[in-house]
Amino acid sequence: VWQVKWSPNGKYLASIAKAYDLSIQEFNPEDYTFKLKFKKEKIHDKEINCFNWSPDNKKILTASADKRIKVFDVETGQLKVTV
C-alpha cells in the first residue's frame with residue numbers, strides 16, 4: 001500500500017497499492033471492520049501520483065504520471081471521466 005485517505009465523512013477508506021491499483025473500503029464504526037466496496041487494478045498506464053475525494057464523498061479522483069486524471073463513482077466503482 002502506497003497511500004491511504006479517509007473520505008471527508010469518515011465512511012470510506014481509499015488506498016493506492018502497487019502504484020496502479022485503487023481500492024475503496026467501507027468502514028463500520030460499530031465493530032471497527034472494513035468491507036471492500038470495490039477494487040480497480042491497473043487504472044493508469046503509469047504510477048499514480050496522488051488521489052483525493054470530492055467534498056460530497058461521491059467521487060474519487062486519481063492523477064498519474066501518464067498525465068491523466070480519472071474520476072470514479074464511489075457507489076458503483078464506475079469510471080466517470082478521464083481528462
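Placed above this text is the structure.
The model shown is predicted, which means the values in this text are computed figures rather than measured ones.

(A) Summary view of the side chain of Ser15. Relative to the assigned elements, Ser15 resides in strand β2 (residues 12-17). For Ser15, a relative accessible area of 12% puts it in the buried group. Not counting residues up to four positions away in its chain, the partners in contact with Ser15 are Val1, Gln3, Val4, Asp21, Leu22, Ser23 and Phe51.

(B) Seen up close, the packing of aromatic side chains. Per the stated rule, a full pass over the model turns up 5 aromatic pairs. Between Trp6 and Phe34, the aromatic rings sit 6.0 Å apart at their centres with planes inclined by 35°, giving tilted as the arrangement. Of this pair, Trp6 sits in strand β1 (residues 3-6) while Phe34 sits in strand β4 (residues 33-40); the two residues are 28 residues apart in sequence, bridging distant segments of the chain. For Trp6, a relative accessible area of 45% gives the class partly exposed. Judged by its relative accessible area of 39%, Phe34 falls in the partly exposed class. Taking the centre distance of 5.7 Å and the plane angle of 65° together, the rings of Phe27 and Tyr32 count as edge-to-face. Every member of this aromatic cluster is reached through a ring pair, and the members are Trp6, Phe27, Tyr32 and Phe34. Taking the ring centre of Phe51 as reference, the NZ or CZ of Lys5 above it sits at 5.2 Å. Positioned above the aromatic ring of Tyr20, the side-chain terminus of Lys42 is 4.6 Å from the ring centre.

Criteria and thresholds
- Counting restarts for each chain: residues are numbered from 1 in the order of the written sequence.
- pLDDT decides what is reported in this predicted model: residues at 70 or higher carry local features, side-chain atom pairs at 80 or more are listed and counted, and totals for whole chains, interfaces and linings draw on all residues regardless.
- With hydrogens and water excluded, all non-hydrogen atoms of the structure serve as input to the side-chain values.
- Secondary structure is summarised from DSSP: a helix means a run of H or I of at least four residues, a strand means a run of E of at least two, and numbering begins at the N terminus for each.
- Each residue's exposure class comes from its accessible area (1.4 Å probe, protein chains only) as a fraction of the maximum for that residue type: buried when under 20%, exposed when over 50%, partly exposed otherwise.
- The criterion used for residue contact is that any of the two residues' heavy atoms lie within 4.5 Å.
- Here a pair means two rings of Phe, Tyr or Trp (six-membered ring of Trp) with centres within 6.5 Å. Their orientation is stacked below 30 degrees between planes, edge-to-face above 60, and tilted elsewhere.
- Here, a charge over a ring means that NZ of Lys or CZ of Arg falls within 6 Å of the ring centre while also lying within 35 degrees of the ring normal.

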